[in-house]
Amino acid sequence: EAGAAGGRRCCGRCAEGAALRWCITGALCASFLGLGMSIAVLGPTFPNLAANVGKNVSDMYYIFVGRSLGFLGGSVVGGVLFDCMNATLLLALSMLGTTAGLYVIPWCKESLLLTILMSVIGGSMGILDTGANVLTLNTWGSESGPHMQALHFSFAAGAFLAPILAKMALGGSESEELAGAEKTKQSVLKSVPTASATSTAPAPEDHHDGDFLWSYIIIGTYILLVSIFLFALYSKSTSARDKAKGSAQKGRLAKYHWSLVGLLFVFFLFYVGAEVTYGSYVFTYAMIFAEMTESEAAALNSVFWGAFAICRGAAIFGAAFLSPATMIVISLVCSAASSSALAFFAHYRALLWAGTAVYGASMATVFPSGISWIEQYTVIEGKSASLFVVGGALGEMCIPAVVGYLQGRFHHIPILTYAALVTSIMTVLLFPVMYKLANIPQENDLKEVSDNETRKALLTNSRLTEDEEEEEDVREWNDADFEVIEMNDKLKNSVTDTSPRIPRDSPAEVSLQPHMDDVLGDPPAVTGGSPGRQNGNVDWEKSE
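Nothing here was measured: the structure is a model prediction, and the numbers come from that model.

A.B. asks: So, the overall build of the protein chain: which residues are in play, and what are the values?
C.D. replies: Scanning the protein chain from N- to C-terminus turns up 19 helices and zero strands. For the protein chain, contacts bridging at least 24 residues in sequence account for 84% of all contacts bridging at least 6. When the accessible area of the protein chain is evaluated, it comes to approximately 26,700 Å², of which 64% is carbon and sulfur surface.

A.B. asks: Quick rundown of the packing of aromatic side chains? Include the residues and the values.
C.D. replies: Using the criterion set out here, one finds 14 aromatic pairs in the structure. Ring geometry for Phe267 versus Phe268: centroids 5.9 Å apart, planes at 65°, classification edge-to-face. In terms of burial, Phe267 and Phe268 fall into one category: buried. Residues Trp373 and Tyr377 carry aromatic rings whose centres are separated by 5.3 Å and whose planes lie at 55° to one another, so their mutual orientation is tilted. Here the aromatic cluster, defined as three or more aromatic residues joined through ring pairs, consists of Tyr278, Phe304, Trp305, Phe308 and Tyr359.

A.B. asks: Describe unusual backbone geometry, naming the residues involved and giving the relevant values.
C.D. replies: Outside of glycine, negative phi angles account for most residues, and trans bonds account for most peptide bonds. Even without a glycine there, the phi angle at Glu291 is positive, about 55°. Along the chain, Glu291 falls in the loop between helix 10 (257-288) and helix 11 (294-318).

A.B. asks: Before we move on, could you go through helix 14 (residues 366-375) and cite the residues and values that matter?
C.D. replies: Counting buried positions over the 10 residues of helix 14 gives 10, a clear majority of the element. Of all the positions in helix 14, only Val366, Phe367, Pro368, Ser369, Gly370, Ile371, Ser372, Trp373, Ile374 and Glu375 are classed as buried.

A.B. asks: Quick rundown of a nonpolar patch on the surface? Include the residues and the values.
C.D. replies: A surface patch of nonpolar side chains, about 940 Å² in accessible area, is lined by Phe344, Phe345, Tyr348, Leu351, Val402, Tyr405, Leu406, Phe410, Ile413 and Tyr418. Listed by contribution, the elements that provide at least two residues to the nonpolar patch are helix 12 (324-345) and helix 15 (382-409). In terms of residue count, the dominant contributor to the nonpolar patch is helix 15 (three residues). For Phe410, the position within the fold is in the loop between helix 15 and helix 16 (415-438). Assessed through its relative accessible area of 40%, Phe410 is described here as partly exposed.

A.B. asks: Could you give an account of the confidence of the model for the protein chain, with specific residues and numbers?
C.D. replies: Residues of the protein chain with pLDDT of at least 70 account for 66%, and the chain-wide mean is 74. Helix 12 holds the highest mean pLDDT among the elements of the protein chain, 93, whereas helix 7 (residues 192-197) holds the lowest, 38. Here residues 172-208 is modelled with pLDDT under 50, and outside its nearest four sequence neighbours on either side it reaches 84 contacts, counting other chains as well. For the stretch residues 239-251, pLDDT sits under 50, and the model shows 10 contacts to residues farther than four places along the chain or on other chains.

A.B. asks: Residues and numbers for helix 13 (residues 349-362), please.
C.D. replies: Residues lying three or four places apart along an α-helix face the same way, a consequence of the helix completing one turn every 3.6 residues. With 14 residues, helix 13 should cover 20 Å at 1.5 Å per step; its first-to-last C-alpha distance of 20 Å lies within 8% of that length. Of the residues making up helix 13, those classed as buried are Leu352, Gly355, Thr356, Tyr359, Gly360 and Ser362. The arc that holds every buried residue of helix 13, seen down its axis, measures 160°, which confines them to one face. Packing partners of the buried residues in helix 13 comprise helix 10, helix 11, helix 12, helix 14 and helix 16.

A.B. asks: So what's going on with the nonpolar core? Residues and values would help.
C.D. replies: Membership of the largest hydrophobic core comes to 106 residues, with the highest contact counts inside it found for Leu114, Phe267 and Trp373. Looking at which element gives the most residues to this core, the answer is helix 10, with 15 residues. When residues are assigned to domains, this core turns out to be shared by domain 1 (10-172 + 211-238) and domain 2 (253-440), each giving three or more. Not counting the four nearest positions on each side in its chain, Trp373 is found in contact with Leu260, Pro324, Ala325, Ile328, Phe431, Met434, Tyr435 and Ala438.

A.B. asks: Requested: an account of the environment of Phe265, with residues and values cited.
C.D. replies: As for its position among the elements, Phe265 is in helix 10. Measuring from C-alpha to C-alpha, the distance between Phe265 and Gly392 comes to 7.5 Å, with 127 residues separating the pair along the chain. Not counting residues within four places of it along the chain, the set of residues in contact with Phe265 comprises Leu387, Val390, Gly391 and Leu394.

A.B. asks: If you had to explain the side chain of Thr417 to someone new, which residues and values would you point to?
C.D. replies: Within the secondary structure, Thr417 sits in helix 16. Sequence-distant contacts of Thr417, defined by excluding residues within four places in its chain, comprise Tyr285, Ser339, Leu342 and Ala343.

A.B. asks: Can you break down the environment of Phe317 residue by residue, with the values?
C.D. replies: Note that Phe317 resides in helix 11. In this structure Phe317 comes out as exposed when scored by relative accessible area, which is 62%. Phe317 sits 168 residues away from Gln149 along the chain, and the two C-alpha atoms are 8.7 Å apart.

Rules of the game
Residues numbered from 1 in each chain as written. Predicted model: local features only at pLDDT ≥ 70, side-chain atom pairs only at ≥ 80, totals over all residues. Heavy atoms only, no water. Helix = DSSP H or I, 4+ residues; strand = E, 2+ residues; numbered from the N terminus. Contact = heavy atoms within 4.5 Å. Areas by Shrake-Rupley, 256 points an atom, 1.4 Å probe, with all protein chains shown as cover. Phe/Tyr/Trp six-rings, centres within 6.5 Å; stacked < 30°, edge-to-face > 60°. Buried < 20%, exposed > 50% of the residue type's maximum accessible area, 1.4 Å probe, protein only. Patch = residues over 30% accessible without salt bridge, like charges linked within 9 Å, V, L, I, M, F, W, Y side chains within 5 Å. Salt bridge = Lys/Arg side-chain N within 4 Å of Asp/Glu carboxyl O. pLDDT = per-residue confidence, 0-100. Expected span 1.5 Å × (residues − 1). Arc of directions from axis to C-beta. Core = buried A, V, L, I, M, F, W, Y, C linked by side-chain atoms within 4.5 Å. Domains from an automatic or database assignment.

Set out below in structure tokens:
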């Protein structure tokens, strides 16, 4: 009965732990859904915010800079804090900060205050982006692949829903044109091209200021509910357990841990930069170089983001059957092939459409698969994860700016497609280097292998020595047996040769026979023995 009770308690704890893991995963996906909505809602409501502070759209670029700097700072600070305090609690607090900022923004009438609020929201988003990836890895470990894909798919879904929500709140105003502009992953600057595209337009006189605030209130309320749920989960998971888990994993650091993290930082910089750059400039490229109409260019842009979202959703199931390395290789091959087609054969309409779709699909799984891949070789803590997020954010800021500058200098060269090809080549070259570096054995592993080989050699030598000793003993015993047999044969022959010369009834025979019997081990009596021999024995006994 005691054993059965213990088994039931063990099963109950296992079931409770599994339920808690699924609750944490659901809360993280819900928080990333809110993250996507918070970032994407700025594009459709950007003219309304400009009118709210009495500025033109062209004078509002600094709010993007403020949010980007806040995002980078939040990623770095979050990476440090996640190694010091409970991850669930820190995520809940960061989402409270996002909620407060979203609630205040619609009533903000000063541009400086609006920039500060955007920086606060960006910092909260950076903490959330870093922490959700770390917590997913800590929760599922080697099984985190599908859950990591689901996490980043939730971001894409939130970015897709935010423009629709803003359109409903605005009642179909002019900001509807910006509704489908940005649906990318992780970046804060994805709305910058949208702002620049509309920078020459003055702020409209009537923007239904009472309408657009509802989109911020609805999103803020949703994030508040997710934050409350995270606080409830915090009561189920303690920081002591998180620290114990972290201390248990410290022995699995790769030999070149920080070199590997640095290479993945550069890898994500090129990958995220290429993703944001193509998604932001493909509309302009289609109209100028492909000579498409505005509706065709918008459709091409939608094909890119649609393939991106669909492939990211399908990757949730694909990650259950394919390893992260396999998914990265497939994505890189498709990215290189499609970017090559776009760079050299984009003048064919069919290849332009197909290349854009494949390029968007190839971008979908790289970031979550990259985090799941590196977790197999080393420990990913807050600081490491923050570097990945910062690398992606720097890629979004730098590469689109460089491409825009070069396109302005060289008007007749399709810089966008060549940039896509260059970034694809960089990622294709970087991943084999990272894979080779990750598979270099550690010194402890080499020492263990050397010790094992030494033990095997010693055991083999000891076995050989024992075998040789046994063979030597066998040879010695065989030699001894042969010597005994030869001695017995000589004695028997000598007795046989001398026995006919001695009379049967002589005292010599009587006196010699017992000694021969003792030496040869034969019994005193002779088969079919004669009375004379028996009398001889009796006489010997009497003489004794």
